[in-house]
Amino acid sequence: MFVDTVKITIESGRGGHGNISFRREKYVPNGGPDGGDGGKGGDVVFVGDTGINTLVDFRYKKNFNAEAGGNGGGSKCKGKNGNDLILKVPVGTLIRYGWETDETGKPTGLVMADISSANEPRILAKGGRGGRGNQHFATPSRQAPKFSEDGKAGRSFQVTLELKLIADVGIIGFPNAGKSTLLSRVTKANPKIANYKFTTLAPNLGVVRLHNEQDFVLADIPGLIEGASTGVGLGFDFLRHIERTRALIHVVDGAMLEGELTPLQALEKINAELLAFNPTLLERPQLIAMNKADLSIDEDYLNEVKSYAAQKNWAVYTISAATSEGVDELMRGAAKILAETPQTTDFEPDYELYFEKEREEEFITVEKVKDGRYRVEGAGIERLLGYTNMADERGFAFFQKYMRDRGIIERLEALGIEENDTVQIYELEFDYWK
């Protein structure tokens, strides 16, 4: 089954918690704190694999979680690091942040990564840092800290995987123009061929091997129709697979069997869909293949197409995919263009928020909720509450020092706090005293 777009959720592993422990050995009455650190949580890593050509493995399983780090132990034993989660995807997979689409259903999320080559791991969600054991919180004045640090939570993202096949040349054209027949003639691919529209329901790839010339990958893109760029018919489900090609072979039914459209009209309509989907597609060289020469091609129609192609500096070939007439010349023309055309650039990641390094100084909000009541919030102070024993006198003193050092007390006083007023810090509430 060919699946080229899926929506999944990935989550890295949580860091292990630090341990609260004290050294207890015979003849060592004052061993001190020896709580070990928690292990780091596992990362979520994507790797391109040339042996995979579909995203079907992600169709039914939607949630992927890396392993959490192990908790620290006594005797300064560090917890085990969580195993990374390795997700193998086809080469050519684009990873977008979020599940958003436009009104036509086209994914619109910003690019997180482009898996354009094999065996190059890309970390998409970094595992949480392990918490510190109580050994790290000992000071000359606090020699027996009874608190440790919790591990940091992993990162979770909703992402869209979008496969864009990597091929050198894409074959485009209306349904039943002869694209699959052409692919079967020049490669060892065995696409389904029949005399009705939309016989091809998934892109087919094949390798063209020419004597004394470079080999190249040819992709048969399922039949496009008018309105494909807005989702009509097979729509952009397969238009995306053209985006990585360096050149296009535009197959036109030269015997005029495409309804009431002339070959020129068919050519213009497909190019209009490419322009609407991605304007850069028309900047790539096209080779026009007037197919079905064995059924005879009207000279007037051929001249119209040649005139149109000359304006864009595109070559026109008269071929018969059924009998192989003119097919070798078409393939040599494609190889010549590839030799002169550089590789298309990769999709550059434009969403890197998840790669930002954590700041040491966390932003803390201090606000007056109403008369006599104030609220303090911030990631740094939330973590502090996680590893501070507020019931312990020394732990509470450590907490007060943090409040003073970060200027929180000063900001509360600037807002007009008075004695007996209430300060709320997440689940904790206490009365203010000078």
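Quick note: structure is the one above.
Residues numbered from 1 in each chain as written. Predicted model: local features only at pLDDT ≥ 70, side-chain atom pairs only at ≥ 80, totals over all residues. Heavy atoms only, no water.

## Considering the overall build of the protein chain
Link 1 in the chain: Helix and strand counts for the protein chain come out as eight helices and 18 strands.
Link 2 in the chain: When burial is assessed residue by residue, the protein chain has 47% of its 434 residues classed as buried.
Link 3 in the chain: Counting every atom, the protein chain has about 22,100 Å² of accessible surface; 47% of that belongs to carbon and sulfur. (Helix = DSSP H or I, 4+ residues; strand = E, 2+ residues; numbered from the N terminus. Buried < 20%, exposed > 50% of the residue type's maximum accessible area, 1.4 Å probe, protein only. Areas by Shrake-Rupley, 256 points an atom, 1.4 Å probe, with all protein chains shown as cover.)

## Quick notes on the pattern of salt bridges
Link 1 in the chain: Taken as a whole and judged by the stated rule, the model has 17 salt bridges.
Link 2 in the chain: Salt-bridge contacts for Glu-162 lead to Arg-96; the nearest nitrogen and oxygen are separated by 2.8 Å. One end of the pair, Glu-162, is in strand E8 (residues 156-163); the other, Arg-96, is in strand E5 (residues 93-97), with 66 residues separating them in the sequence. Both residues of the pair, Glu-162 and Arg-96, belong to the buried class.
Link 3 in the chain: In this structure, Lys-292 and Asp-253 form a salt bridge, with 3.3 Å as the shortest nitrogen-oxygen distance. (Salt bridge = Lys/Arg side-chain N within 4 Å of Asp/Glu carboxyl O.)

## As for the sheet that holds strand E2 (residues 44-49)
Link 1 in the chain: Pairing in this open sheet of three strands is mixed, and the strands run E4-E2-E7 from one edge to the other. The open sheet terminates on both sides in strands that have one partner only, identified here as strand E4 (85-90) and strand E7 (122-125). Across the sheet, the mean angle from the axis of one strand to that of its neighbour is 35°, orientation sign disregarded. (Pairing = 2+ DSSP bridges. Axes fitted to C-alpha atoms, helices over the stretch in contact; angles between N-to-C directions.)

## Remarks on the sheet that holds E5
Link 1 in the chain: With mixed pairing, five strands are arranged side by side in an open sheet as E3-E1-E8-E5-E6. Looking at which strands have only one partner, the edges of the open sheet turn out to be strand E3 (63-65) and strand E6 (111-115). Within the sheet, the average angular offset between the axes of one strand and its neighbour, ignoring direction, is 25°.
Link 2 in the chain: Pairing analysis gives three bridges linking strand E1 (residues 5-11) to E3, with the strands arranged parallel. Looking across to E3, one finds that Thr-9 is bridged to Asn-63.

## Observations concerning the environment of His-136
Link 1 in the chain: Relative to the helices and strands, His-136 is located in the loop between E7 and E8.
Link 2 in the chain: Measuring from C-alpha to C-alpha, the distance between His-136 and Gly-18 comes to 9.8 Å, with 118 residues separating the pair along the chain.
Link 3 in the chain: A distance of 2.8 Å separates polar atoms of two side chains, one belonging to His-136 and the other to Asp-37. (Polar contact = N/O pair within 3.5 Å; in protein donor to acceptor, adjacent residues only side chain to side chain.)

## Points about the pairing of strand E18 (residues 428-431)
Link 1 in the chain: In the sheet, strand E17 (residues 422-425) pairs with E18 via four bridges, with the strands oriented antiparallel. Residue Gln-424 lies in a different strand from E18, and its bridge partner there is Glu-429.
Link 2 in the chain: Taking the residues between adjacent antiparallel strands as the criterion, E17 and E18 are bridged by two residues, where Tyr-426 takes a positive phi near 55°.

## Some details on the packing of aromatic side chains
Link 1 in the chain: Per the counting criterion, the structure on display carries five aromatic pairs.
Link 2 in the chain: Centroid distance Tyr-97 to Phe-157: 6.0 Å. Interplanar angle 70°. Geometry classified as edge-to-face. Of the two residues, Tyr-97 is situated in strand E5 and Phe-157 in strand E8; the sequence distance between them amounts to 60 residues.
Link 3 in the chain: Looking at Tyr-97, the relative accessible area reads 31%, which means it is partly exposed.
Link 4 in the chain: Its relative accessible area of 6% is what places Phe-157 among the buried residues.
Link 5 in the chain: Between Tyr-308 and Trp-314, the ring centres sit 6.3 Å apart and the planes meet at 70°, which makes this aromatic pair edge-to-face. Side by side, Tyr-308 and Trp-314 carry an identical accessibility label, which is buried.
Link 6 in the chain: Taking the ring centre of Trp-314 as reference, the NZ or CZ of Lys-312 above it sits at 5.6 Å. (Phe/Tyr/Trp six-rings, centres within 6.5 Å; stacked < 30°, edge-to-face > 60°. Lys NZ or Arg CZ within 6 Å of the ring centre and 35° of its normal.)

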